[in-house]
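Inside the fold
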Protein chains: 4
Amino acid sequence: MLRFQPICYHNTLGPHEPVLRIPNGETVITTTIDAHGMDQHGNVVGSRPNPLTGPFYVEDAAPGDTLAVRFDHLAPNRDTGFTYTPVAPNVVEPGFVPELPPRQRVLWRLDRERQTATLAEPTPGLAALSLPLTPLLGCFGVAPAGGQAISTMTSGEHGGNMDYRGFVAGVTVYLPVFVPGALFALGDGHAMQGDGEIVGTGIETSFEVQFTVRVLKGKTIGWPRGEDADYIFTVGNARPLDQAVQHATTEMLRWLIADYGLNLAEAGTLLGQCVVYDLGNIYDPAYTMICKLPKRVLAAIARP
Amino acid sequence: MLRFQPICYHNTLGPHEPVLRIPNGETVITTTIDAHGMDQHGNVVGSRPNPLTGPFYVEDAAPGDTLAVRFDHLAPNRDTGFTYTPVAPNVVEPGFVPELPPRQRVLWRLDRERQTATLAEPTPGLAALSLPLTPLLGCFGVAPAGGQAISTMTSGEHGGNMDYRGFVAGVTVYLPVFVPGALFALGDGHAMQGDGEIVGTGIETSFEVQFTVRVLKGKTIGWPRGEDADYIFTVGNARPLDQAVQHATTEMLRWLIADYGLNLAEAGTLLGQCVVYDLGNIYDPAYTMICKLPKRVLAAIARP
Amino acid sequence: MLRFQPICYHNTLGPHEPVLRIPNGETVITTTIDAHGMDQHGNVVGSRPNPLTGPFYVEDAAPGDTLAVRFDHLAPNRDTGFTYTPVAPNVVEPGFVPELPPRQRVLWRLDRERQTATLAEPTPGLAALSLPLTPLLGCFGVAPAGGQAISTMTSGEHGGNMDYRGFVAGVTVYLPVFVPGALFALGDGHAMQGDGEIVGTGIETSFEVQFTVRVLKGKTIGWPRGEDADYIFTVGNARPLDQAVQHATTEMLRWLIADYGLNLAEAGTLLGQCVVYDLGNIYDPAYTMICKLPKRVLAAIARP
Amino acid sequence: MLRFQPICYHNTLGPHEPVLRIPNGETVITTTIDAHGMDQHGNVVGSRPNPLTGPFYVEDAAPGDTLAVRFDHLAPNRDTGFTYTPVAPNVVEPGFVPELPPRQRVLWRLDRERQTATLAEPTPGLAALSLPLTPLLGCFGVAPAGGQAISTMTSGEHGGNMDYRGFVAGVTVYLPVFVPGALFALGDGHAMQGDGEIVGTGIETSFEVQFTVRVLKGKTIGWPRGEDADYIFTVGNARPLDQAVQHATTEMLRWLIADYGLNLAEAGTLLGQCVVYDLGNIYDPAYTMICKLPKRVLAAIARP
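The rules behind these values
- Residues numbered from 1 in each chain as written.
- Chains lettered and ligands numbered in written order.
- Predicted model: local features only at pLDDT ≥ 70, side-chain atom pairs only at ≥ 80, totals over all residues.
- Helix = DSSP H or I, 4+ residues; strand = E, 2+ residues; numbered from the N terminus.
- Rg over C-alpha atoms; globule rule 2.2 N^0.38 Å.
- Buried ≥ 20, exposed ≤ 12 C-beta atoms within 10 Å, placed from the backbone.
- Contact = placed C-beta atoms within 7 Å.
- Nonpolar A, V, L, I, M, F, W, Y, C, P; charged D, E, K, R; others polar.
- Axes fitted to C-alpha atoms, helices over the stretch in contact; angles between N-to-C directions.
- Parallel < 35°, antiparallel > 145°, perpendicular 65-115°, else oblique.
- Left-handed = near helix turned anticlockwise from the far one by under 90°.
- Least-squares fit on C-alpha atoms with pLDDT ≥ 70 in both.
- Pairing = 2+ DSSP bridges.
- Domains from an automatic or database assignment.
- Expected span 1.5 Å × (residues − 1).

Let's shift gears to the overall build of chain A. Helix and strand counts for chain A come out as three helices and 21 strands. Against the globule reference of 19 Å for 304 residues, chain A gives a C-alpha radius of gyration of 19 Å, in line with a compact fold. For chain A, the proportion of its 304 residues judged to be buried stands at 61%. Sequence-distant contacts, at least 24 apart, represent 73% of the contacts inside chain A between residues at least 6 apart.

If you want it as structure tokens, here you go:
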């Protein structure tokens with residue numbers, strides 16, 4: 001197990017100088033700062049948007065491989081977070097936009113013992129609001145293909161700012177590797193978040209993070225994938241949502257064919273009656289849709 | 001309680017001659033036939049698409065009111081259903097479409113005692129597949145505004161072919177009333193269905209149905225709404241999914257403001273961290289997105 | 001040549017009682033009222049939206065045929081028209097919407113001798129504005145398939161409210177026939193209009209209209225088509241624009257294959273380098289895209 | 001006037017080492033290679049996608065300025081070019097995709113004296129096809145914001161692979177400057193192209209190019225703009241087309257307000273009746289829509 005204390009942060013996922021080389025199979029404990037660059041001590045040590053910790057060079061990872069990252073532990077490491085309100089103009093009818101009040105910052109208290117979030121300055125209507133923490137990472141990924149450096153505001157095949165409330169501890173994510181060492185980076189912790197990130201934030205805060213990497217040699221995937229105790233899932237990042245659905249569904253079909261031995265007729269029958277879609281985000285430059293299949297259904301499949 | 005035995009079916013929601021007048025508050029027991037017109041005896045007695053039972057003229061319902069319909073009981077009334085496979089071409093990447101096999105019908109056995117569905121002619125990969133029934137109505141609604149008669153293939157403010165797996169027994173739906181008597185009709189039972197109806201069907205079958213109507217006088221809504229034990233929800237029907245999200249979210253904001261006394265800043269804070277979106281269908285001419293809010297969260301709101 | 005004086009108007013395209021039976025090949029002279037129901041005398045004789053003259057029962061027209069309608073003459077028959085401003089909220093970035101001023105009506109003077117439009121109450125910046133008239137019909141079509149009656153606010157395979165500035169005199173439009181007699185209706189004259197109808201109107205006014213019908217027996221098309229002296233074109237009506245492009249392009253490919261003897265590889269080569277797309281409207285419930293091919297290019301094709 | 005002979009090419013627009021520093025106001029004569037890396041001698045000297053000549057460091061250009069680039073001369077410098085066929089799967093109805101034949105390369109002869117393109121291996125249907133050359137640049141732009149390096153396959157606020165048939169000689173384009181020196185690069189010459197680049201290419205070939213740069217100090221724009229003898233225009237790059245329209249229209253409104261002294265009500269009136277939209281591309285990862293206003297209309301505006 002390695003401990004890594006970041007001293008600089010990146011606002012793009014790209015071919016940056018690695019901050020650390022980590023062996024295949026290694027576990028790393030580190031920290032991330034919030035989307036506006038604030039750390040656990042309230043110091044602003046990084047710049048917007050979404051400053052990431054890393055990149056980490058994962059030994060053995062080469063283009064065409066897949067990088068598996070298990071989120072072992074994700075937890076806020078300070079007692080405050082922030083959101084914005086109202087909902088973003090792109091998630092309401094265009095004619096309703098003028099009714100939205102000006103955008104304002106909302107401060108939250110994070111009770112790390114009780115694992116709850118409450119408003120720091122509650123308004124009358126929400127005075128009793130107390131929400132359970134479900135810490136997740138909004139932004140992580142690898143260096144993209146073609147020598148690109150892509151802003152941590154957006155996402156793509158390489159991961160990035162997917163802002164999906166399902167990227168919690170216990171999940172293993174799979175990312176395509178485009179450059180030697182993969183160059184994995186992570187950040188943008190949310191103490192909790194609704195579907196779609198429709199106010200443009202989860203409860204943004206700094207995190208302590210533990211993750212474990214594993215290289216799947218010679219395994220090539222097209223889009224991020226993941227699994228937890230109950231589901232396997234695929235991720236599509238694009239606009240509009242329709243296209244994000246297309247990427248996620250196609251990636252799921254490829255998975256079912258390659259690893260579960262189904263043909264496309266069988267995969268259609270299975271997905272048609274059992275698929276679940278989650279709306280990751282409908283705020284960032286690329287939207288995110290998740291295509292999920294319950295493991296209990298997969299258990300019924302006769303693998304070849 | 002009224003029992004109604006249909007003798008004709010409609011393929012549009014519109015200003016048709018009512019088949020029955022029902023008092024406000026009344027409960028109706030009736031049957032529906034499947035999407036291709038087959039009844040519980042295997043006889044084809046209606047024509048495609050989605051032949052509906054009704055319309056029912058609900059006394060007291062006038063334009064500007066809201067019609068509440070509680071689905072008391074929904075159950076297949078025969079032992080077979082059908083789906084199609086593979087997934088629809090619009091839910092995969094355009095370049096992947098040529099890999100899809102030809103569209104074919106899949107027959108299912110419905111075990112109404114065990115409440116399971118199994119393939120009538122199982123293929124090797126899916127031989128052990130057994131899925132729990134979750135009967136739902138794919139298509140229901142009222143006569144639309146402006147003298148229109150709209151095909152039961154599609155949906156809109158008036159409801160219609162929303163194909164959302166959440167329209168199960170126990171749900172109360174709310175529909176805007178555009179014409180005297182509302183002219184409610186229903187059909188297109190699915191023994192179960194995945195998110196998005198991505199093969200173009202749930203497990204299509206005929207149903208026995210019990211529902212109860214209630215007129216909310218002077219209550220005006222813009223889009224279908226609903227609630228069950230755990231959630232309140234709103235429905236947006238449009239293409240692309242982005243626009244369906246806009247309708248559903250705007251309708252939810254209007255609900256929170258009018259009935260829960262929140263302002264738009266508070267409503268944004270609440271939805272931002274607690275909203276859940278379901279993908280109703282991404283197959284029909286209008287797609288359907290559902291915007292949900294947990295009742296346990298609403299319980300914390302101090303109503304004025 | 002028949003003269004028809006309308007006494008009622010319809011707000012849906014559907015299976016209405018025909019106002020007149022017209023022989024195949026006949027020419028009709030009639031009038032239309034503006035989008036808000038005002039006639040040439042300033043009397044409001046119809047209701048919103050887009051009250052249409054008709055429907056006309058065209059003898060010989062049967063489902064599966066195509067109805068050709070040549071717009072022989074289109075001209076405003078009064079000296080005023082109206083538009084709205086500012087641009088619609090859906091055509092600007094969502095975050096820009098709050099900057100738009102309130103919607104207001106703008107009155108225009110139509111000089112029918114000089115064929116120009118000027119502002120009735122010019123603002124300082126636009127005091128010198130004088131625009132040439134290019135009269136067009138915003139809304140026309142036939143009764144749709146499946147017994148539907150569809151609002152004249154929107155459009156589809158049957159035509160409808162396409163609001164394309166190219167539907168001017170001299171154009172022949174082709175419409176699929178879904179019901180006996182086709183039931184053609186027309187209205188929503190615009191003295192002129194920009195691409196996209198981005199303020200929600202052209203210069204709305206009442207018209208005198210002359211058109212000639214012709215039935216193409218046994219010729220089946222999927223979407224509206226048209227031609228003028230310089231182009232053949234196809235029309236796609238849907239949201240988002242991407243889907244409207246798909247319908248229009250697919251319909252053009254079908255035309256090139258069936259009537260010009262090209263294969264899909266040749267049709268691709270031709271369209272790829274020579275196609276022109278016009279943005280009909282991006283305001284109505286269904287948007288409209290036009291796919292055009294110059295006749296001078298078609299002249300080079302060796303028909304089989 | 002400077003002559004520059006490229007020896008290397010870039011596949012991203014980003015913070016690359018400049019190949020040349022050019023004074024504000026200078027004219028440069030250089031060459032570009034085709035989208036697959038082939039130069040005028042038939043040698044492959046660059047790699048896919050769209051290898052660009054440059055970047056050029058323009059003296060005086062600083063973040064917040066605008067870079068004006070006039071395309072003085074654009075011409076193929078060899079006698080061949082290539083396209084692909086059939087049309088891309090995303091521009092036809094999803095259900096039509098399986099009918100498309102396999103993608104194939106099509107070779108063209110470019111007659112630089114007569115300024116025509118003909119098929120090198122004409123098929124029967126297109127044997128007589130001869131098209132006039134209208135040489136344009138498919139891809140050019142500046143280094144994007146935020147330290148990004150973005151693939152020349154796509155486009156954004158910084159320009160990039162817009163593939164608009166209107167970027168011909170005589171046009172002046174305006175680009176936002178995000179980094180010192182702007183870092184302008186260009187390539188992807190098309191001997192001609194239809195709207196939308198629906199086969200994924202124009203007639204791809206190598207070019208000789210002459211352009212002149214000018215820095216507009218303190219002038220800040222949001223998206224690429226341009227003008228030719230007849231129009232001013234703005235460019236939106238995004239998916240879906242609807243969003244590209246939003247960016248282009250908003251940018252045009254900002255232009256009319258800032259430089260022509262109109263208010264938003266006047267700008268709406270003007271655009272509503274006079275705007276023209278061109279479909280740049282509907283093939284690349286970001287689509288491109290152009291919003292145009294005729295200069296003859298602008299001539300009527302009373303500037304303050």
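With 59 residues of chain B at the interface, the matching set in chain A holds 59 residues. When residues of the side of chain B that touches chain A are traced back to their parent elements, those giving at least two are strand E7 (80-85), strand E8 (104-111), strand E10 (130-132), helix H1 (241-260), helix H2 (264-274) and strand E20 (276-281) of chain B. Looking at which element gives the most residues to the side of chain B that touches chain A, the answer is H2(B), with 10 residues. Residue composition of the side of chain B that touches chain A, grouped by class: 36 nonpolar, 18 polar and five charged.

Another aspect to go through is the packing of H1(B) against H2(B). All names here are of chain B. The geometry of H1 relative to H2 is characterised by a closest axis approach of 10 Å and an angle of 120 degrees between their N-to-C directions. If you check the angle between H1 and H2, you find them oblique. For the crossing formed where H1 meets H2, the hand is right-handed. Contacts between H1 and H2 involve Met252, Leu253, Leu256 and Ile257 on the former and, on the latter, Leu264, Ala267 and Leu271. Residue composition of the contact of H1 with H2, grouped by class: seven nonpolar, no polar and no charged.

Turning our eyes to something else, we now look at the relation of the copies chain C and chain D. Mapping between the two chain copies consists of a rotation about an axis together with a translation along that axis. Under the fitted operation, chain C is carried onto chain D by 0.0 Å of movement along the axis and a turn of 180 degrees, and the coordinates agree to an RMSD of 0.0 Å. When the rotation and shift are considered jointly, the pair of chain copies conforms to a two-fold rotation axis. Taking C-alpha positions as the reference, the residue of chain C nearest the rotation axis is C:Leu241, at 2.9 Å. The residues that chain C uses at the interface reappear at the interface of chain D in 100% of cases, marking a shared surface.

Turning next to the sheet that holds strand E4 (residues 27-32) of chain A. Residue and element names in this part refer to chain A. Spatial ordering of the open sheet is given by E1-E4-E17-E6-E15-E18-E19-E21-E20, a layout of nine strands whose pairing is mixed. On the outer flanks of this sheet lie strand E1 (2-3) and strand E20 (276-281), each paired with one strand and no other. Here E20 pairs with strand E21 (residues 287-294) via five bridges, running antiparallel. Note that in E21 the partner of asparagine 281 across the bridge is threonine 288. Each of strand E18 (225-227), strand E19 (231-238), E20 and E21 is contacted by helix H1 (residues 241-260), which is oriented at about 140 degrees to E19, the strand it contacts most.

Turning our attention to the interface of chain C and chain D. The interface is formed by 59 residues belonging to chain C together with 59 residues belonging to chain D. For the side of chain C that touches chain D, the secondary structure elements donating two or more residues are strand E7 (80-85), strand E8 (104-111), strand E10 (130-132), helix H1 (241-260), helix H2 (264-274) and strand E20 (276-281) of chain C. In terms of residue count, H2(C) provides more of the side of chain C that touches chain D than any other element does, 10 residues in total. Classifying every residue of the side of chain C that touches chain D by side-chain character gives 36 nonpolar, 18 polar and five charged.

For the rest of this paragraph, the subject is the sheet that holds E10(B). The strand order across the open sheet built from four strands is E7-E8-E9-E10 (chain B), with neighbouring strands paired in antiparallel fashion. Bordering the open sheet on either side are E7 and E10 of chain B, each of which pairs with just one other strand. Across this sheet, the average inter-strand angle for adjacent strands is 35 degrees, counted without regard to direction. Where E7(B) meets E8(B), six bridges bridge the pair, whose relative direction is antiparallel. Bridge assignment links B:Gly81 to a residue of E8(B), and that residue is B:Trp108. In the packing of helix H2 (residues 264-274) of chain A onto the sheet, contacts are made with E7, E8 and E10 of chain B, and the angle to E7(B) comes to roughly 120 degrees.

Attention now moves to helix H2 (residues 264-274) of chain D. In an α-helix, one full turn covers 3.6 residues, which means residues spaced three or four apart are oriented alike. The element H2(D) is largely enclosed, with a buried count of 10 among its 11 residues. Against E7, E8 and E10 of chain C together with helix H1 (241-260), strand E21 (287-294) and helix H3 (295-298) of chain D lie the buried residues of H2(D).

Moving on to the relation of the copies chain B and chain A. With an RMSD of 0.0 Å, the fit of chain B onto chain A corresponds to turning through 180 degrees and sliding 0.0 Å along the axis. Both copies contact each other with a shared surface, as 100% of the interface residues of chain B are interface residues in chain A too.

Now for the pairing of E8(C). Residue and element names in this part refer to chain C. Sheet analysis places E8 next to strand E9 (residues 116-119), joined by four bridges and oriented antiparallel. What sits directly across from arginine 109, in E9, is threonine 118. Following E8, the chain reverses through four residues before pairing antiparallel with E9; glutamine 115 in that reversal takes a positive phi of roughly 60 degrees.

Residues and elements named next belong to chain A. The domain architecture assigned to chain A consists of domain 1 (2-79 + 133-216) and domain 2 (225-298). Using C-alpha coordinates to define each centre, domain 1 is positioned 22 Å away from domain 2. Listed as interface residues are 20 residues of domain 1 and, on the opposing side, 18 residues of domain 2. Within the residue set of the side of domain 1 that touches domain 2, elements represented by two or more residues are strand E13 (155-156), strand E14 (159-161) and strand E15 (172-176). The leading source of residues in the side of domain 1 that touches domain 2 is E15, at three residues. Taken together, the residues of the side of domain 1 that touches domain 2 break down into seven nonpolar, 10 polar and three charged.

This part takes up unusual backbone geometry. Cis rather than trans, the peptide bond between B:Thr85 and B:Pro86 has omega equal to 5 degrees. As for its placement among the helices and strands, B:Pro86 is situated in the loop between E7 and E8. The phi dihedral of A:Asp163 falls on the positive side, at around 50 degrees, and the residue is not glycine. Summarising the element assignment, A:Asp163 is placed in the loop between E14 and E15. On the neighbour-count criterion, A:Asp163 (28 C-beta atoms within 10 Å) is buried. Despite not being glycine, C:Gln115 shows a phi value in the positive range, around 60 degrees. Here C:Gln115 shows up in the loop between E8 and E9. For C:Gln115, a count of 16 C-beta atoms within 10 Å translates into the label partly exposed.

This paragraph deals with H1(B). Residue and element names in this part refer to chain B. Look at H1: 27 Å from first C-alpha to last across 20 residues, which is about the 28 Å you get at 1.5 Å a residue. When you tally the buried positions in H1, you get 15 out of 20 residues, the bulk of the element. Positive phi appears at glycine 261, one or two residues downstream of H1, with a value of about 70 degrees.

Before going further, it helps to examine the environment of B:Val275. Within the secondary structure layout, B:Val275 lies in the loop between H2 and E20. Taking the C-alpha atoms as reference points, B:Val275 and B:Asn263, separated by 12 residues in sequence, lie 16 Å from one another. In this structure, B:Val275 is in contact with A:Gly194, A:Asp195, A:Gly196, A:Ile198, B:Cys291, B:Lys292 and B:Leu293, ignoring residues within four places of it in sequence.

Residue and element names in this part refer to chain A. Structurally, threonine 80 can be placed in strand E7 (residues 80-85). Look at threonine 80 and you get partly exposed, because 19 C-beta atoms sit within 10 Å. Measuring from C-alpha to C-alpha, the distance between threonine 80 and leucine 107 comes to 7.1 Å, with 27 residues separating the pair along the chain. Beyond its immediate stretch of four places on either side in the chain, threonine 80 contacts Leu107, Trp108, Arg109, Leu110 and Thr205.

Once that is clear, we can look at the environment of C:His16. Residue and element names in this part refer to chain C. The residue histidine 16 is located in the loop between strand E2 (12-13) and strand E3 (20-22) in this model. Taking the C-alpha atoms as reference points, histidine 16 and leucine 74, 58 residues apart in sequence, are found 25 Å from one another. In contact with histidine 16, other than residues within four places in its own chain, are His10, Pro55 and Leu183.

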